[in-house]
Amino acid sequence: MLIRRTPNIRSSEVTDKATYLNRREFIRAAAAATAVVSGSLAGEPLVHAQQPAPHRRKLDNIRKSPFSTTEQPNSWQQITTYNNFYEFGVNYTDASKYAKSLRPEPWSIAMEGELARPAVWHLEDVLKGKVLEERIYRHRCVEAWSMVIPWVGFPLRDLLTQLQPTSRARFVEFTTLNDPVQMPGLRSPALRWPYVEGLRLDEAMHPLAILAVGLYDEVLPNQDGAPIRLVVPWKYGFKSIKSIVKIRLVEQQPVNSWQRIAPQEYGFYANVNPKVDHPRWSQSKEVRLPGFFRNRPTELFNGYADQVASLYAAMDLKRNF
Ligand SMILES: Nc1nc2c(c(=O)[nH]1)N[C@H]1C(S)=C(S)[C@@H](COP(=O)(O)O)O[C@H]1N2
Ligand SMILES: [Mo]
């Protein structure tokens, strides 16, 4: 028997990831120290040094959703200057600086795989006259920061129902645009490109899972995943893939980009869970931006347990992390 050794991560990649994580911690600590020294009262200089996204088009036909949290949303400035979007660089300020080169209009999305009705969607046509919902959701990155974001979008299940998955469809695989001209970060091997994510079909059909096309009543800024991104509020942020160009229904569980690069650190499920630590840091607490301190208890399923826990009733969440 041939034993094929497949080292999934090159040690250089692990080192790189560890280095930027440490650098982020360092930058955060340095910013906090500066704020104290310069006597800042607000305690929120970290995200204020950056340029917020320009305002583009207003969206119409938005109704409020009963699924929204009553927590105070973060500001436009905060939501558009503190981003993870590795296609534009690995630091949280990179997307606000470099995502200008993304061209989100016109945009098409291919729907493929186990579907009775495969389709190519022209986003502009689909959104014409469509009723959208404002969903104010908690947003929790695997790196322990959190925000509250007023997304505008529609349930992913509406789209899937229309496309009619076949009986073989068990998972949904999403793929981000892969154009190095628009996305300079693709020239770096930080991740295996294109960025890919996946959901189990029942997760994708859950009413909380949405495709977002806007933020604060406006079209999505580039750094937040224009023109269309997934939002799965009970999972770590990396599941919420940005700038989607392909949605594929498949039989086999997809391997997402983070799993591929570090399978012992990032799983397929990525459900927010205070009891399942990341191998290199605790998940029991989080920092609500724009603060500095990890002093907020992490909530199971990011606070959405009442709605989603039944999806995982029979599962060991330590093994299926
Ligand atoms: N294509 C793509 N999608 C992505 C990412 C990325 O690097 N590329 N980063 C993920 C991570 S780690 C997080 S926390 C969220 C951040 O979303 P936000 O910048 O809108 O807050 O986007 C996710 N979606
Ligand atoms: Mo993240």
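Definitions and limits used
Residues numbered from 1 in each chain as written. Chains lettered and ligands numbered in written order. Predicted model: local features only at pLDDT ≥ 70, side-chain atom pairs only at ≥ 80, totals over all residues. Heavy atoms only, no water. Near = heavy atom within 4 Å. Polar contact = N/O pair within 3.5 Å; in protein donor to acceptor, adjacent residues only side chain to side chain. Areas by Shrake-Rupley, 256 points an atom, 1.4 Å probe, with all protein chains shown as cover. 1 Å grid on protein atoms, 1.4 Å probe; cavity = no way out; pocket = protein on both sides within 12 Å on 5 of 7 lines; lining within 4 Å. Sits in = over half its atoms within 2 Å of the grid points. Nonpolar A, V, L, I, M, F, W, Y, C, P; charged D, E, K, R; others polar. Buried < 20%, exposed > 50% of the residue type's maximum accessible area, 1.4 Å probe, protein only. Helix = DSSP H or I, 4+ residues; strand = E, 2+ residues; numbered from the N terminus. Pairing = 2+ DSSP bridges. Points joined across faces, edges and corners; volume = space filled by probe spheres on them. Phe/Tyr/Trp six-rings, centres within 6.5 Å; stacked < 30°, edge-to-face > 60°. Axes fitted to C-alpha atoms, helices over the stretch in contact; angles between N-to-C directions.

Got a minute to help me understand the site of ligand 1 in this structure?
Close contacts around ligand 1 come from 18 residues, with Tyr86, Glu87, His139, Ser240 and Lys242 the closest. A distance of 3.0 Å separates a nitrogen atom of ligand 1 from a polar atom in the side chain of threonine 176. Calculation on ligand 1 without its partners gives an accessible area of 530 Å², and the protein chains cover 99% of this total. The pocket occupied by ligand 1, as judged from atoms lying within 2 Å of grid points, is the largest cavity. Taken together, the residues of the shell around ligand 1 break down into eight nonpolar, six polar and four charged.

What am I meant to see in the pairing of strand E6 (residues 171-176) here?
A regular strand places its side chains so that they alternate between the two faces of the sheet. Of all six residues in E6, five are buried, a share of seventy percent or more. Of the pairings in the sheet, the one linking E6 to strand E7 (residues 196-200) comprises five bridges and is antiparallel in character. Opposite phenylalanine 171, over in E7, you have arginine 200 as the bridge partner. In this structure, E6 lies alongside strand E11 (residues 244-250), joined through six bridges in antiparallel fashion. Among the inter-strand pairings, threonine 175 is bridged to a residue of E11, identified as lysine 246.

I tried to follow empty space enclosed by the protein on my own but got confused; where do I start?
Scanning the model with the defined rule gives four cavities of 30 Å³ or more in all. In terms of lining, the largest cavity is formed by 27 residues, of which the most central are Asn84, Phe85, Gly237, Phe238 and Lys242. It is strand E5 (residues 145-155) that contributes the most residues to the lining of the largest cavity, four residues altogether. Residue composition of the lining of the largest cavity, by class: 15 nonpolar, six polar and six charged.

Mind showing me how you'd approach the packing of aromatic side chains here?
Aromatic ring pairs are described here by two measures, namely the spacing of the ring centres and the angle between the planes. Taken as a whole, this structure holds 14 aromatic pairs when the rule is applied. Centroid distance tyrosine 82 to tyrosine 92: 4.1 Å. Interplanar angle 15 degrees. Geometry classified as stacked. Of this pair, tyrosine 82 sits in the loop between helix H2 (76-81) and helix H3 (94-98) while tyrosine 92 sits in the loop between H2 and H3, placing them 10 residues apart in sequence. By relative accessible area, tyrosine 82 is classed as buried at 4%. Ring centres 6.1 Å apart and planes at 85 degrees place the aromatic pair tyrosine 269 and tyrosine 312 in the edge-to-face group. Of the two residues, tyrosine 269 is situated in the loop between helix H7 (257-261) and strand E12 (285-288) and tyrosine 312 in the segment after helix H8 (305-308); the sequence distance between them amounts to 43 residues. Both residues of the pair, tyrosine 269 and tyrosine 312, count as buried.

I'm lost on the sheet that holds strand E3 (residues 119-122) in this one. Help?
Hydrogen bonds along the backbone pair up the strands of a sheet, which may run parallel or antiparallel. Ordered by their spatial adjacency, five strands build an open sheet running E3-E2-E11-E6-E7, and the pairing between neighbours is mixed. If you trace the sheet from one side to the other, it starts and ends with E3 and E7, each paired once. Sheet twist, expressed as the mean angle between neighbouring strand axes with direction ignored, is 20 degrees. Pairing geometry for strand E2 (residues 108-113) and E3, over four bridges, is antiparallel. Each residue of the ladder has a partner; that of methionine 111, found in E3, is alanine 119.

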